[in-house]
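Read off the chains here:
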Amino acid sequence: MIKELTKAEEQIMLILWEMGEALVKDVIEKMNEPKPAYNTVSTVIRVLETKGFVDHKAIGNTYIYFPIVKETDYKRFALNKVMNNYFENSYESLVSFLVNEKSMGTKELDEIIQLAEKLKNNK
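Rules and cut-offs
Residues numbered from 1 in each chain as written. Predicted model: local features only at pLDDT ≥ 70, side-chain atom pairs only at ≥ 80, totals over all residues. Heavy atoms only, no water. UniProt positions renumbered as here; feature names shortened; annotations may be inferred. Domains from an automatic or database assignment. Helix = DSSP H or I, 4+ residues; strand = E, 2+ residues; numbered from the N terminus. Buried < 20%, exposed > 50% of the residue type's maximum accessible area, 1.4 Å probe, protein only. Contact = heavy atoms within 4.5 Å. Phe/Tyr/Trp six-rings, centres within 6.5 Å; stacked < 30°, edge-to-face > 60°.

The Sequence similarities (unreviewed entry) field of the UniProt record for the chain holds the comment "Belongs to the BlaI transcriptional regulatory family."

Here's what the structure looks like:
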């Protein structure tokens, strides 16, 4: 069962998904300024391990961390949560919200319609 990530956890997972595997110092290098302390990042990664998102392999005294939850699985979880909590599981409500809030033009709407048709035909 996938659990929701905090902002700090999500930021680290995005880096691990991008890199595939990394040392704590590699994760810190990819983070925006101001960079958090080594111990902070290390603690968040250990929390991610207990949540089942990350595992590690030891090489001597060094740990290399890697994601065990796929990015697509977490995206699906996050989208389902947003759909349930904010759009009553209605894609129509979601698209309506996006059109109204993001001032979508006809080009973007056409792209959404084409994507929907493509997905419908692939089923």
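There is more to say, and it comes next.
A. Geometry of the domain arrangement of the chain. Looking at the assigned domains, one finds that the chain contains domain 1 (7–67) and domain 2 (71–122). Each of domain 1 and domain 2 has a C-alpha centre, and the two are 31 Å apart.

B. Quick look at the environment of Leu119. Here Leu119 lies in helix 6 (residues 106–122). According to the relative accessible area criterion, Leu119 is partly exposed, its value standing at 48%. When the C-alpha positions of Leu119 and Tyr74 are compared, they lie 20 Å apart, and in sequence the two are 45 residues distant.

C. Spatial organisation of the environment of Met13. Summarising the element assignment, Met13 is placed in helix 1 (residues 7–19). What makes Met13 buried here is its relative accessible area of 0%. Along the backbone, Met13 and Met83 are 70 residues apart, and their C-alpha atoms lie at a distance of 22 Å. If we skip the residues at most four places from it in the chain, Met13 touches Leu5, Leu48, Phe53, Val54, Pro67 and Val69.

D. Spotlight on the packing of aromatic side chains. Applying the stated criterion across every chain yields a total of five aromatic pairs. Residues Trp17 and Tyr74 carry aromatic rings whose centres are separated by 6.1 Å and whose planes lie at 35 degrees to one another, so their mutual orientation is tilted. Taken as a pair, Trp17 in helix 1 and Tyr74 in helix 4 (residues 71–86) lie far apart in primary sequence, 57 residues in all. Each member of the pair, Trp17 as well as Tyr74, is classed as buried. Arranged with centres 6.1 Å apart and planes meeting at 75 degrees, the rings of Tyr63 and Tyr65 form a pair that is edge-to-face. Assessed through its relative accessible area of 39%, Tyr63 is described here as partly exposed.

E. Region of the structure containing unusual backbone geometry. The residue after Glu33, namely Pro34, is reached through a cis peptide bond having omega -10 degrees. The topology assignment puts Pro34 in the loop between helix 2 (24–30) and helix 3 (38–50). A positive phi is found at Glu88, a non-glycine position, where the angle reads about 50 degrees. Residue placement: Glu88 occurs in the loop between helix 4 and helix 5 (91–102). A relative accessible area of 72% means that Glu88 is categorised as exposed. With a phi angle near 60 degrees, Asn89 is a residue other than glycine that sits in the positive phi range. The topology assignment puts Asn89 in the loop between helix 4 and helix 5.

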